[in-house]
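Each chain is listed here by its residues.
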Amino acid sequence: MQKILRKRFLRELKENRYRYLALGFLIVMGMYIVTGLVGAAETIIEGTAKAARENRLEDGQFSVFAPLDEQEKKSLEKAGITLEEHFYLDYTLLDASILRIFSQRDKIDLVQIDMGSFPVKGGEILLERRYCEEHGIAVGDTVKIGSFDYTVTGIGTAPDYESMIRNFSDSAVDSLQFGFGFVTKEDYEELKKSGESISSEEYFYAYLLNGKVTHQQLKALLRDFFVENTDRSVCKMTRFVPAADNPRIGAAADDKLVEKAAGLAAGVIVLILFAYVISVFTVHHIEKESGVIGTLYAMGVRKKELMLHYLTLPVLLTFTAGIIGTALGYSSFGAALQMSSTYGYFSVPRISVHYKLYLLLYGLAMPPLVTVCTNYLVIRKKLDRPALFLIRGEQKNTKVHNIRLRGSFVRVFRIRQLLREKRTMVTVFGGMFISLLIVMLSLNCYILCVHVKTENVEDTKFAYMYTYKYPEADVQGGEEAYGVVMKKETLGYNFDVLLLGIHKENPYFEAAVEKGKSKVLISSAMAQKYGLRIGDVLTLYHEEDDRYYAFFIEGIVEYSAGFFAFMDIDSMREMLGQDETYYNVVFAERELAVDSGRLYSVLSEDEVEKSASVFAAQMKNMVIMLLAVSVLMFVVVMYLMMKVMIDRSAMPISLFRVFGYKQKEIRKLYLDGNFFVIAASALVGIPLSKAVMDRMYPYLVSNIACGINLTFPWEMYVGIFVSVLLLYFLVNRILMLRVSRILPSEVLKNRE
Amino acid sequence: MYLVVKNLKKSYGEGGSFMEVLKGVDFSVEKGAMCVIQGTSGSGKSTLLNCIGGLEEADSGSIYVEDVEVCGLSREKLSDYRRANLGFVFQFYNLVPNLTVKENIQVCEYLTNKPLDLHELMDVLGLTEHQDKFPSQLSGGQQQRCAIARALVKNPKLLLCDEPTGALDSATSRDILVLLEKINAKYGTTMLIVTHNNSIRNMVNQVIFLKDGQVRKNYRNDARVPAAELEDL
């Protein structure tokens, strides 16, 4: 029997080709995006892990005020630790970008070459890939660093700089502004001697624990050096960063982990929606054929035989769409294309696409599986009805049918029609809700960029922020402050938080700090990222002391450009055992004449502005793509569902034509009632989807060090609502064409 | 006896809307007989047919088909019973719209291991030339012939027809009845035909009159008139 019934499939597809094409297209698109996205994520996660192993990625790094002496290095090596100096110097180039120069590495964090070769003699340099791409630098070109010219011999990447942030606390990557290069050891010394770097040399050591000691044991060993060697009081450890806490390391994989989880979950949600849409068609089909089904039951055909028949076409459709979508996802237009965003942001080597078996199974099995489950649940009841019930085409007398309605005929008719089509309406709402979730994701990305861009600039009232390694005795202009980098974890990521001691009357932050060692005010960015409020207890970890500090949050300061905790400078000095005049940060309205050798870093207002703009530029394409996908999904689902409603009402519509009703009147009865459902759904769906996405969004950007202000201006809500209604009117117009094709003779057709 | 119905009762509704449709129906039909059940609207003839077909459950009483009790069978067993023994023809043809005539018949061919010869059946029913047409391309009579072929192809022992000519004009009705007569003769199928039409009783072996849920008349018709000669259809 199935063999004969299967002959219907092609005819069914042909009869409803546009409906199935639209649905098939959406499923293909959905599976293409999901498998492409997840395939890219898997490739990046696995590929970068493999590259890290091959390039001997560090287990961690630490920095000191002054280099370790030979004896200290030897004692560390004796403990089984592999150590390598990763000292560097930062230079401002002619185009104002900053290039970090290292000497070549031999043991840890080896450079992987994309093009060319390592520098072997003086005057040669290997540059980082992203910096070269942004500056259009090719092998053979020349770059000027300080007063020296270098020929680029190679372009590559290093595993300890996947995320090309200059400082650990930076939130955005901007390869136009920052890059790094490797020169020979001799050239590095030459550069150092020239004294042209913008800050003093940084003494970072990369280490491999080799399974002999733990991070904590190494940290204790290092601390012992400084306690034992009291004559080297300046030789203090300034940073100790295990690889897991280093925001530059594994950044691409971290980024993709979120995409992978979100992609797989989104795939299932979207498939459930489409499967439900299909089930509405199937239910409509079953209702249309209820007489046939009843007759076949009367002949002895079993429910499971018909269930199998009615499930086969949706399963075949979704399976085929899944195959095409997965094939596209695995093609060069899929994962490979989606990886380009990673290559365009992170400094990772080129990786060939990894094809994961589970993803292949997901792409091929999930669409039919979700379809079987959803359709089985929905059509089971329909097929469960007795044969006579089906033959007579009786409708179940539900409570909904018994609702007594009052009002004009048109009003009552519309309400009855909506109650009758409640399943379709639920699907429209489901489609709208999922589309709105995508809209909210897209607009959250947009609004985050807007807030970062505008607020960072607005909130940054200083022109320069100088962080000193060796502060001068007196402050040479500007406003003194005392800053200590601490750590705080959220959603699995450990970010730098600057505990900043300031004077109450400082002109750069609206932070009225009070005396007290347990009182802080936090920046708005920090409050948003960590979900902190006034009255909460803030716990910060100080790596250097291996100690936790707890504070009461006394207020929130409007400052979106960083995670800052402000406290009274005198209280902070006392708390951390510094003398009464100690400072290491200076904020200034103009550039100060500071000896670069004394500085850790300089942050200018321009840099804040540039870094904020990078966010917006990076997100633009994604925002547009997500908006397009959501609009497409919403329009198709709404069109298909409303068309089903019209098809189901074809006979009564033709009957109304026989009675003499005009097109406008029929539209009023059958279509215009939907307006209220769409409007009500939008009124509920917009705030609901915004609330849901606002809850989910912090997880999606959990690896980004910036405040999360997702507040929409009211105009945006109005805009979304109006857009939904406009799309509804568009679909309504298109459907009127279908209504106009329903002729009075339809009545006769349906009665055979 | 092939079919025996004993003291069959069936009612609908509760309280004020309670209605007893069958009030203890008794009759029997011989194997291979053509039997007409007649009665006014609401007399319970369709309900009786549906109970015999296992589409409705009787409140009490018994139905034996070849000495097998039908009442009280589970849903699954009823399905097996219908599959093995019954063919149904309804007033509305209920054909699968996007299957051809031949395919519509084939749907039921697969319900048995010993189907009738499809081509012979189509030939008998005059459907050979229409076998590749879809239901929408057929007249009402042709569609009903297709529905009959579908019911017969699994070679049922008992064919239940509920107003088989109810939606057809006089000439087409006659054609259908001639076919039923032909099939009865050729395959020995026992037939139970529910109809309003008084003329049809002249062509069958047995006539049962139902009134107010009870058998008022049940007689053998020894003076059968061939269907082709029936008047006032």
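Residues numbered from 1 in each chain as written. Chains lettered and ligands numbered in written order. Predicted model: local features only at pLDDT ≥ 70, side-chain atom pairs only at ≥ 80, totals over all residues. Heavy atoms only, no water.

### Here's the deal with the overall build of chain A
Turning to step 1, where the next piece is worked out: Tallying secondary structure elements over chain A gives 24 helices and 20 strands in all.
Turning to step 2, where the next piece is worked out: The long-range fraction of contacts in chain A, counting pairs at least 24 apart against all pairs at least 6 apart in sequence, stands at 83%.
Turning to step 3, where the next piece is worked out: In the form shown here, chain A has an accessible surface area of approximately 32,700 Å², with 59% of it arising from carbon and sulfur atoms.
Turning to step 4, where the next piece is worked out: Counting 86 positive and 86 negative side-chain charges, chain A places the averaged centre of each group 20 Å from the other. (Helix = DSSP H or I, 4+ residues; strand = E, 2+ residues; numbered from the N terminus. Contact = heavy atoms within 4.5 Å. Areas by Shrake-Rupley, 256 points an atom, 1.4 Å probe, with all protein chains shown as cover. Lys, Arg positive; Asp, Glu negative; His and termini not counted. Charge placed at Lys NZ, Arg CZ, Asp CG, Glu CD.)

### Describing the interface of chain B and chain A
Turning to step 1, where the next piece is worked out: Chain B puts 33 residues into the contact, and the matching count from chain A is 30 residues.
Turning to step 2, where the next piece is worked out: Carbon and sulfur atoms supply 55% of the area buried between chain B and chain A, which totals about 2,800 Å² over both sides.
Turning to step 3, where the next piece is worked out: For the interface between chain B and chain A, the tally reads 6 salt bridges.
Turning to step 4, where the next piece is worked out: With a closest N to O distance of 2.9 Å, R83(B) and E305(A) form a salt bridge.
Turning to step 5, where the next piece is worked out: Summed over the shared surface of chain B and chain A, the result is 13 residue pairs in polar contact (both at pLDDT 80 or more).
Turning to step 6, where the next piece is worked out: Within the residue set of the side of chain B that touches chain A, elements represented by two or more residues are helix 2 (75-85), strand 6 (86-89), helix 3 (101-109) and helix 5 (140-152) of chain B.
Turning to step 7, where the next piece is worked out: Considering each element in turn, the side of chain B that touches chain A owes the most residues, 6 residues, to helix 2 of chain B. (Buried area = accessible area lost by both parts, 1.4 Å probe. Salt bridge = Lys/Arg side-chain N within 4 Å of Asp/Glu carboxyl O. Polar contact = N/O pair within 3.5 Å; in protein donor to acceptor, adjacent residues only side chain to side chain.)

### A look at the environment of A365(A)
Residues and elements named next belong to chain A.
Turning to step 1, where the next piece is worked out: By the element assignment, A365 lies in helix 13 (residues 357-383).
Turning to step 2, where the next piece is worked out: Of the residues examined, A365 reaches a relative accessible area of 37% and is grouped as partly exposed.
Turning to step 3, where the next piece is worked out: Note: C-alpha distance between A365 and G30 (335 residues apart in sequence) is 14 Å. (Buried < 20%, exposed > 50% of the residue type's maximum accessible area, 1.4 Å probe, protein only.)

### Side note on the confidence of the model for chain B
Turning to step 1, where the next piece is worked out: Across chain B, the average pLDDT comes to 88, with 100% of residues at or above 70.
Turning to step 2, where the next piece is worked out: The ipTM assigned to the predicted complex is 0.81, against a pTM of 0.74. (pLDDT = per-residue confidence, 0-100.)

### As for the sheet that holds strand 1 (residues 60-64) of chain A
All names here are of chain A.
Turning to step 1, where the next piece is worked out: Spatial strand order, 2-10-1-11: 4 strands in an open sheet with antiparallel pairing. Each edge of the open sheet carries a strand with a single partner, namely strand 2 (82-85) and strand 11 (237-242). Taking the axes of each pair of neighbouring strands and ignoring which way they run, one obtains an average angle of 20 degrees across the sheet.
Turning to step 2, where the next piece is worked out: Bridging between strand 1 and strand 11 involves 5 bridges; their strand directions are antiparallel. Bridging across to strand 11, S63 finds its partner in R239.
Turning to step 3, where the next piece is worked out: Contacts from helix 4 (residues 70-78) reach strand 1, strand 2 and strand 10 (203-208), with the element oriented near 145 degrees to strand 2. (Pairing = 2+ DSSP bridges. Axes fitted to C-alpha atoms, helices over the stretch in contact; angles between N-to-C directions.)

### Description of helix 1 (residues 45-52) of chain B
Turning to step 1, where the next piece is worked out: Extensive coverage of helix 1 of chain B is indicated by the burial of 7 of its 8 residues.
Turning to step 2, where the next piece is worked out: At the exit of helix 1 of chain B stands G54(B), carrying a positive phi of roughly 75 degrees.

### Structural notes on empty space enclosed by the protein
Residues and elements named next belong to chain A.
Turning to step 1, where the next piece is worked out: Summed over the entire model, instances satisfying the criterion amount to 8 cavities of 30 Å³ or more.
Turning to step 2, where the next piece is worked out: Size it by volume and the largest cavity reaches roughly 130 Å³.
Turning to step 3, where the next piece is worked out: Around the largest cavity sit 14 residues that line it, and E12, Y20, H285, L313 and P314 are the ones nearest its centre.
Turning to step 4, where the next piece is worked out: Elements with a minimum of two residues in the lining of the largest cavity: helix 2 (7-15), helix 3 (17-54), helix 8 (251-288) and helix 10 (303-330).
Turning to step 5, where the next piece is worked out: For the lining of the largest cavity, the leading source of residues is helix 10, giving 5 residues.
Turning to step 6, where the next piece is worked out: In this model, the second largest cavity occupies a volume close to 70 Å³. (1 Å grid on protein atoms, 1.4 Å probe; cavity = no way out; pocket = protein on both sides within 12 Å on 5 of 7 lines; lining within 4 Å. Points joined across faces, edges and corners; volume = space filled by probe spheres on them.)

### What to know about the confidence of the model for chain A
Predicted coordinates in areas of low pLDDT are best not read in detail.
Turning to step 1, where the next piece is worked out: A residue-level look at chain A finds 95% of positions with pLDDT of 70 or above and a mean pLDDT of 86.
Turning to step 2, where the next piece is worked out: Between the elements of chain A, mean pLDDT differs from a low of 57, seen in helix 24 (residues 746-750) of chain A, to a high of 96, seen in strand 6 (residues 124-128) of chain A.

### A look at unusual backbone geometry
Residues and elements named next belong to chain B.
Turning to step 1, where the next piece is worked out: Non-glycine residue N7 carries a positive phi angle of around 45 degrees.
Turning to step 2, where the next piece is worked out: Looking at the secondary structure, you find N7 in strand 1 (residues 3-12).
Turning to step 3, where the next piece is worked out: Positive phi outside glycine occurs at N155, with the angle close to 55 degrees.
Turning to step 4, where the next piece is worked out: With respect to the helices and strands, N155 occurs in the loop between helix 5 and strand 7 (158-162).
Turning to step 5, where the next piece is worked out: Looking at N155, the relative accessible area reads 33%, which means it is partly exposed.

### Some points on a nonpolar patch on the surface
All names here are of chain A.
Turning to step 1, where the next piece is worked out: Together, W714, V718, V722, L726 and F729 line one region of the surface with nonpolar side chains, adding up to about 520 Å² of accessible area.
Turning to step 2, where the next piece is worked out: Tracing the sequence through the fold places V718 in helix 23 (residues 714-740).
Turning to step 3, where the next piece is worked out: What makes V718 partly exposed here is its relative accessible area of 40%. (Patch = residues over 30% accessible without salt bridge, like charges linked within 9 Å, V, L, I, M, F, W, Y side chains within 5 Å.)

### Some words on the environment of V586(A)
Residues and elements named next belong to chain A.
Turning to step 1, where the next piece is worked out: Along the chain, the position of V586 falls in strand 19 (residues 585-588).
Turning to step 2, where the next piece is worked out: According to the relative accessible area criterion, V586 is buried, its value standing at 1%.
Turning to step 3, where the next piece is worked out: With 519 residues separating them in the primary sequence, V586 and P67 have C-alpha atoms 26 Å apart.

### Side note on the pairing of strand 10 of chain A
Residues and elements named next belong to chain A.
Turning to step 1, where the next piece is worked out: With 6 of 6 residues buried, strand 10 is to be regarded as a mostly interior element.
Turning to step 2, where the next piece is worked out: In strand 10, alternate side chains face the same way, and those of Y203, Y205 and Y207 on one face and F204, A206 and L208 on the other are all buried.
Turning to step 3, where the next piece is worked out: One ladder, built from 5 bridges, connects strand 1 with strand 10; its direction is antiparallel. In the sheet register, F62 faces strand 10, and the bridge partner there is Y205.
Turning to step 4, where the next piece is worked out: One ladder, built from 4 bridges, connects strand 2 with strand 10; its direction is antiparallel. From the neighbouring strand, T82 faces strand 10, where its bridge partner is L208.

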